[in-house]
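Coordinates in review
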Amino acid sequence: MDPSAAATPPTVTADLLPAPQIGDGSTGSVGDAVKSGVVRDQVVVSDTVFVGGAFTKARPFGAGVGKSVVARTHLLSYDLKSGVLSDFAPTFNAQVRAVAASPDGARLYVGGDFTIVNGQKRSRLAAFDVATGALIGSFTPVVNKSVSAIAVTATAVYVGGGFTTAAGDGRSRSAAFAPTTGTLLPWNPGTTGGDVKSIVVAAGGERVVLGGVFQSLAGGAREALGMASVTPDTGAAQPWAVGSVIRNGEQQKSGILSLATSGDSVYGTGYATGTGNFEGTFKVRASDGAIEWIEDCRGDTYSVQPVGRVVYTAGHAHDCSNAGSFGGYVEPERYYRAIAFSDAATGTVLDRQTEFWSHAGHPSPSLLHWFPAMDTGAFTGANQGPWDVTTGGGYVLYGGEFRSVNGVKQTGLARFAVVPEAERKNPPTLSGAAMTPVLEAFQGTGVTLSWAANHDRDNSRLRYEVIRDGDLENPVFGTGWIESTFWQRPEIRGVDGGLDPGASYSYRIRTVDPDGNATLSSAVSYTASAGVLGAITDYDRQVLSDAPTAYWPLNETAGDVGYDWAGSNHLTAVPRRVVGIESVPGGRAGDFDGTDDFAVQSDAVSAPQVYSAEAWFSTTSTKGGQIVGFAHTRDAVNAAHDRHVYLTDDGRVVFGVWTDNAQTVVSPPGLNDGGWHHVVVTLGPSGLRLFLDGALVGSRAGDITAGVFEGYWNVGGNTVAGWPGAPSSDFVDGAIDNIALYPVVLSPAAVAAHFDAATSGTEPVPEPEPTPTPEPESPTVIARDGFERSTSSGWGTAESGGSWSVPGSGVSVGSGAGVLRLAPTEQRTAILGAVSAPATDTRMTFRLDQAPGTSPHYVSVIGRAIGSERYTARVILEPTKSRIDIQASGVTLATVGIASSAYAPGESITLRFEVTGTAPTTLRAKAWTGTAEPDAWQLTRTDSKAALQAPGSVGMMFYAGRPTTTTLSVTDYVVVRP
């Protein structure tokens, strides 16, 4: 998953960080503000979180029932970074529903049901001095009923709720007051028919947007169902385009419950019960309300908060099929109360759920893989969990009446963050009996294991290990990274072989996430049967690790059946066997005669629209023939046939799909040379791709679909007449081996790994000895950049190694340095994507203009990057010391201190990182100041992380610590071949 892509921006982790709790922890009932309560609203001012709601008690994170309970009546605060409850403890005689800060952060405005604050009269509105916590005596506006929403500018405090008068004048559900004196202002939208629930000031202060359950403005003169935009001075209505599409507000059974603003956009959420047509989240242009996107998940949504490239919501989504995600009431939670979306529109609303309404065709965001579990509380009687979400300083904060988060007892407040504040300790969700595999005897002394994929709250990719007899250090089988969610759990299969007949074994499945967290299934016993097992090779294990839907290695010793090692859809009519691509004894292939031999699946399947197909072939024929393809019947001649991989008479490989006509990708000729050749083809969002012998040889963008019908995969021959470059024969005269099908597009790294797994142990065809070339006197340069250029945006093109990819702002080149200027907690990654190197030795010199303050700066060299996986060495500059570490995709493998004093701004540091070999990969790092490089490496480790055992790209990363904007200047960057 690419974190730089618009559809997959990184979220905070699902790890629950310390935060206070409301109530005393005992089991409460409806309206019991002592035992439990509810959080209604939150706002962050500097490093303090202010929390309003209905509660009278609070206690620290982790405190059990009745432990460390203190009085907090409807308003509390805590430290944003530590989650520690503060001493701020004003008293209210009724609940707080809204909190908001002045633009300068000096004042906190509070609204709700109360009439007494700190023993003084306040009519549902009050203000506090943030610095001292004192109630401000000069701000004493009066409204006659509850206040539910507040938005503040330098000149006005806009409020909404259920009131009908303000300062004795008629003000229906909305009014404005002077920020200092509380004097009633002329602003009067005249919202009628129901309460105002939310207010934001948008479009540079030119618009005040209201949301709620009202039906009109100006005392009923102008329709405004559930939301409206008005002027900031008088409250006169303004055009608001989304109001013609989202129609919530009738009979107070539907409405717009929350609004938020960021940049040039306004975000909102809705609910609908009997009336209305919207329950999800929308993003509109602030200038006119034009729709930017709609997410049409079903289930009321109570709050929204954009944070950079991610939008977080609180509610109870129970069907997100129109967002291309989970359907109705899917286990394990059924209701998903905290979810996240991309800020960018990435597709369109689907029409899978059209009961009551449809928004199909409107732009939509992507639902992101972030699913913390929150239960429901009893206080409101509405059977809900979170009611509010807000943000500050990179943290995402939820509030409500929930009683647990991710199974950990935690009442009313939850705090989440990105790394390094969050430690990413949240493990895969399922364990024990829920992950117990099914075991079946396999070709004599072998065993197959099958299980449904696990899922994880904040990782969509997991890998699996088969553990025999409790030996966690030596799994007998392992997979690569496999995509899964709680609503899509593909079946995974593993194998083990060479067992002793009659002996008993114990097997468990270990699930591992990218952060190294793991869970184990329950153990299941198996007694090995007798028989002769076809060879299980390293290549077989490599293929199975990538979770194919079908795999036919053709290693059987006899018979015309090619067993499916990834399922049960076996090939029939497999011809005689010959020695296969693998060099191990017993590695076999099918030998096809070029006349009428072909093998075909036993059972019909649906033709996939996203897939990869893989095979090995060897032939000297000049008549071509099909290697693998898909046809409507099990016969050799088919009217409906598609997804062909075939050889032409001159030895070219053609991969094609049929839309209105054949769309093909063609290789160079000469592959009918008698040698073994590896072919992989893929169809997916990027179009057609053709790989030969581990490398991409052709692609075709734009063609992303193929014929839709049911049929059978066939091997060795079928109808290809009429296709471009059609061969003289439909049937291959030669050997075919190790045919596999996958439900995903295999990555170039996976293709290369498969090729290497088969060829690493084979005897190559001898070639003439080349003329010896003298060893070069200096290392081969892979990439180099001295940044002797000037750019105002981006890093441009390196001296060697291609163009830098550095998404985000604050990126430039000048004065001999590549510059990254980042606000606290921001991160940038710079990649030279054109580089693909099996071994690298990187040396990078850099300096910073700010010393670390309250949290460290992290400067990293990326020595090998494959997709989102990477080996890195980091310099970690802490406030009083420095250290380096080595990481594999964010997991620290080793660390050591390098300085016991604080970093001096402007001091140059050189970081060197060497990455060599595969399975294992050796990683070595050192860092120094000045010009004298240490003789010894300061850190050395080996690692065999499967996703990183292939050539990769190179680059660097910078994370800026708190509390000051920091500039990194890279003055020299060199990568050589070790």
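The structure presented is a predicted model; accordingly, all values stated were derived computationally and were not measured. (Residues numbered from 1 in each chain as written. Predicted model: local features only at pLDDT ≥ 70, side-chain atom pairs only at ≥ 80, totals over all residues. Heavy atoms only, no water.)

Per the secondary structure count, the protein includes 2 helices and 76 strands. A globule of 978 residues ought to have a C-alpha radius of gyration of about 30 Å, and the protein, at 32 Å, matches this closely. In terms of its C-alpha atoms, the protein occupies a principal-axis envelope of roughly 95 × 70 × 55 Å. Taken across its 978 residues, the protein has 57% of its residues classed as buried. Partitioning the contacts of the protein with sequence separation of at least 6, the portion at a separation of at least 24 is 59%. Carbon and sulfur atoms form 50% of the exposed surface of the protein, whose accessible area is close to 36100 Å². Distance from the positive charge centre (68 side chains) to the negative charge centre (94 side chains) of the protein: 11 Å. (Helix = DSSP H or I, 4+ residues; strand = E, 2+ residues; numbered from the N terminus. Rg over C-alpha atoms; globule rule 2.2 N^0.38 Å. Buried < 20%, exposed > 50% of the residue type's maximum accessible area, 1.4 Å probe, protein only. Contact = heavy atoms within 4.5 Å. Areas by Shrake-Rupley, 256 points an atom, 1.4 Å probe, with all protein chains shown as cover. Lys, Arg positive; Asp, Glu negative; His and termini not counted. Charge placed at Lys NZ, Arg CZ, Asp CG, Glu CD.)

For the rest of this paragraph, the subject is the packing of aromatic side chains. Two aromatic rings are characterised by how far apart their centres lie and by the angle between their planes. As enumerated under the stated definition, the model contains 38 aromatic pairs in all. Summarising the aromatic geometry, the rings of Tyr267 and Trp293 are spaced 6.4 Å apart at their centres and angled 65° between planes, so their arrangement reads as edge-to-face. Of this pair, Tyr267 sits in strand 24 (residues 265-272) while Trp293 is found in strand 26 (residues 291-295), placing the two residues 26 residues apart along the sequence. Exposure class is identical for Tyr267 and Trp293. Each is buried. An angle of 90° between the planes, with centres 5.1 Å apart, marks the rings of Trp795 and Trp804 as edge-to-face. Neither residue differs from the other here; Trp795 and Trp804 are each classed as buried. Pairwise contacts between aromatic rings join Phe50, Phe88, Phe92, Phe114 and Phe128 into one cluster. The aromatic ring of Phe630 is capped on one face by Arg643, whose charged end is 5.9 Å from the ring centroid. Sitting above the plane of the Trp937 ring, Lys926 keeps its charged end 4.8 Å from the centroid. (Phe/Tyr/Trp six-rings, centres within 6.5 Å; stacked < 30°, edge-to-face > 60°. Lys NZ or Arg CZ within 6 Å of the ring centre and 35° of its normal.)

Next up on the list: the environment of Leu184. Structurally, Leu184 can be placed in the loop between strand 16 (174-177) and strand 17 (196-202). With relative accessibility at 18%, the residue Leu184 sits in the buried group. A C-alpha to C-alpha distance of 8.9 Å links Leu184 and Asp169, two positions 15 residues apart in sequence.

It is worth spelling out the state of the cysteines at this point. Enumeration according to the criterion identifies 1 disulfide in this entry. Each sulfur of the disulfide joining Cys297 and Cys320 lies 2.0 Å from the other. Around the S-S axis, the bridge from Cys297 to Cys320 shows a dihedral of about 120° and counts as right-handed. Separated by 23 residues along the polypeptide, Cys297 in the loop between strand 26 and strand 27 (301-307) and Cys320 in the loop between strand 28 (310-317) and strand 29 (336-342) bring together distant segments of the chain. Exposure class is identical for Cys297 and Cys320. Each is buried. (Disulfide = S-S within 2.5 Å.)

Let us look at the UniProt feature "domain: LamG-like jellyroll fold" (unreviewed entry) in the protein. Under the UniProt annotation, "domain: LamG-like jellyroll fold" (unreviewed entry) lies at residues 609-749. Helix makes up 1% of residues 609-749 and strand 50%, with an end-to-end C-alpha separation of 22 Å. (UniProt positions renumbered as here; feature names shortened; annotations may be inferred.)

Spatial strand order, 37-38-42: 3 strands in an open sheet with antiparallel pairing. The sheet is open, and its two borders are formed by strand 37 (438-442) and strand 42 (491-496), each paired with just one other strand. Shown here is a sheet whose adjacent strand axes are inclined to one another by a mean of 25°, direction ignored. Where strand 38 (residues 446-452) meets strand 42, 6 bridges bridge the pair, whose relative direction is antiparallel. In the sheet register, Val447 faces strand 42, and the bridge partner there is Asp496. (Pairing = 2+ DSSP bridges. Axes fitted to C-alpha atoms, helices over the stretch in contact; angles between N-to-C directions.)

Among the residues of helix 1 (residues 538-545), those classed as buried are Tyr539, Asp540, Val543, Leu544 and Ser545. Once helix 1 ends, the next one or two residues include Ala547, with phi positive near 55°.

Next up on the list: the sheet that holds strand 36 (residues 413-416). An order of 32-33-36 is seen for the 3 strands of this open sheet, with the pairing classed as antiparallel. If you trace the sheet from one side to the other, it starts and ends with strand 32 (386-392) and strand 36, each paired once. Strand-to-strand twist of the sheet, defined as the mean angle between neighbouring strand axes without regard to direction, takes the value 20°. In this sheet, strand 33 (residues 395-400) lies alongside strand 32 in antiparallel orientation, the contact comprising 6 bridges.

What follows is about helix 2 (residues 748-759). Counted at 1.5 Å a residue, the expected span for helix 2 with its 12 residues is 16 Å, and the 17 Å between its end C-alpha atoms agrees. Buried within helix 2 we find Ala749, Ala750, Val751, Ala752, Ala753, His754, Phe755 and Ala758. Where the residues of helix 2 are buried, they touch helix 1, strand 52 (611-619), strand 57 (677-684), strand 58 (687-692), strand 61 (733-742) and strand 68 (857-866). (Expected span 1.5 Å × (residues − 1).)

Glancing now at the pairing of strand 24. The buried fraction of strand 24 amounts to 8 of the 8 residues, a majority that puts the element mostly inside the structure. Of the two faces of strand 24, both are covered, the one formed by Ser265, Tyr267, Thr269 and Tyr271 as well as the one formed by Val266, Gly268, Gly270 and Ala272. Examined bridge by bridge, strand 23 (residues 254-262) and strand 24 share 8 bridges and lie antiparallel to one another. Paired with Ala260 across the two strands is Tyr267, which belongs to strand 24.

Here the focus is the side chain of Gln887. Looking at the element boundaries, Gln887 is found in strand 70 (residues 882-888). Look at Gln887 and you get buried, because its relative accessible area is 8%. Setting aside its immediate chain neighbours within four residues, Gln887 contacts Arg870, Tyr871, Thr872, Arg874, Thr892 and Leu893.

Glancing now at the packing of helix 1 against helix 2. It is the contact of helix 1 with helix 2, at a shortest axis distance of 8 Å, that shows an interaxial angle of 165°. Between helix 1 and helix 2, the angle is such that the two are roughly antiparallel. The hand of the helix 1/helix 2 crossing is left-handed. Between helix 1, through Tyr539, Gln542 and Val543, and helix 2, the contact on the second element is made entirely by Ala753, His754, Ala757 and Ala758. Broken down by class, the residue content of the contact of helix 1 with helix 2 amounts to 5 nonpolar, 2 polar and no charged. (Parallel < 35°, antiparallel > 145°, perpendicular 65-115°, else oblique. Left-handed = near helix turned anticlockwise from the far one by under 90°. Nonpolar A, V, L, I, M, F, W, Y, C, P; charged D, E, K, R; others polar.)

Among the secondary structure elements, Val811 is positioned in strand 64 (residues 811-814). C-alpha separation for the pair Val811 and Leu822, spaced 11 residues apart in sequence, amounts to 8.8 Å. Every residue in contact with Val811, bar those within four places of it in the chain, is listed here: Ser792, Ser793, Gly794, Trp795, Val806, Val819, Leu820 and Arg828.

Under the defined criterion, the tally for this structure stands at 30 salt bridges. The partner of Glu556 in a salt bridge is Arg577, with the nearest N and O atoms 2.8 Å apart. Within this pair, whereas Glu556 is found in the loop between strand 46 (550-552) and strand 47 (571-572), its partner Arg577 is found in strand 48 (residues 577-579), the two being separated by 21 residues in sequence. In this structure, Glu556 and Arg577 share a single accessibility class: buried. For Asp591, the salt bridge is made with Arg576, and the minimal N-O distance between the two is 3.5 Å. In this pair, Asp591 is assigned in strand 49 (residues 588-593) and Arg576 in the loop between strand 47 and strand 48, connecting sequence segments 15 residues apart. Residue Arg576 is classed as partly exposed on the basis of its relative accessible area, which comes to 43%. It is possible to trace a salt-bridge network through shared partners that takes in Asp841, Arg843, Arg912, Lys926 and Glu933. (Salt bridge = Lys/Arg side-chain N within 4 Å of Asp/Glu carboxyl O.)

What follows covers unusual backbone geometry. Following Glu331, the chain continues to Pro332 via a peptide bond in cis, the omega torsion being 15°. The phi torsion at Ser46 lies on the positive side, around 60°, for a residue other than glycine. Residue placement: Ser46 occurs in the loop between strand 2 (38-45) and strand 3 (48-54). For Ser46, a relative accessible area of 65% corresponds to the exposed category. At Ala573, a position not held by glycine, the phi torsion is positive, near 65°. If you trace the backbone, Ala573 turns up in the loop between strand 47 and strand 48.

Let's shift gears to the environment of Thr622. Here Thr622 is to be found in the loop between strand 52 and strand 53 (625-631). According to the relative accessible area criterion, Thr622 is exposed, its value standing at 55%. Taking C-alpha positions, Thr622 is 67 Å from Arg415, a pair spaced 207 residues apart along the chain. Setting aside its immediate chain neighbours within four residues, Thr622 contacts Asp649 and Asn672.

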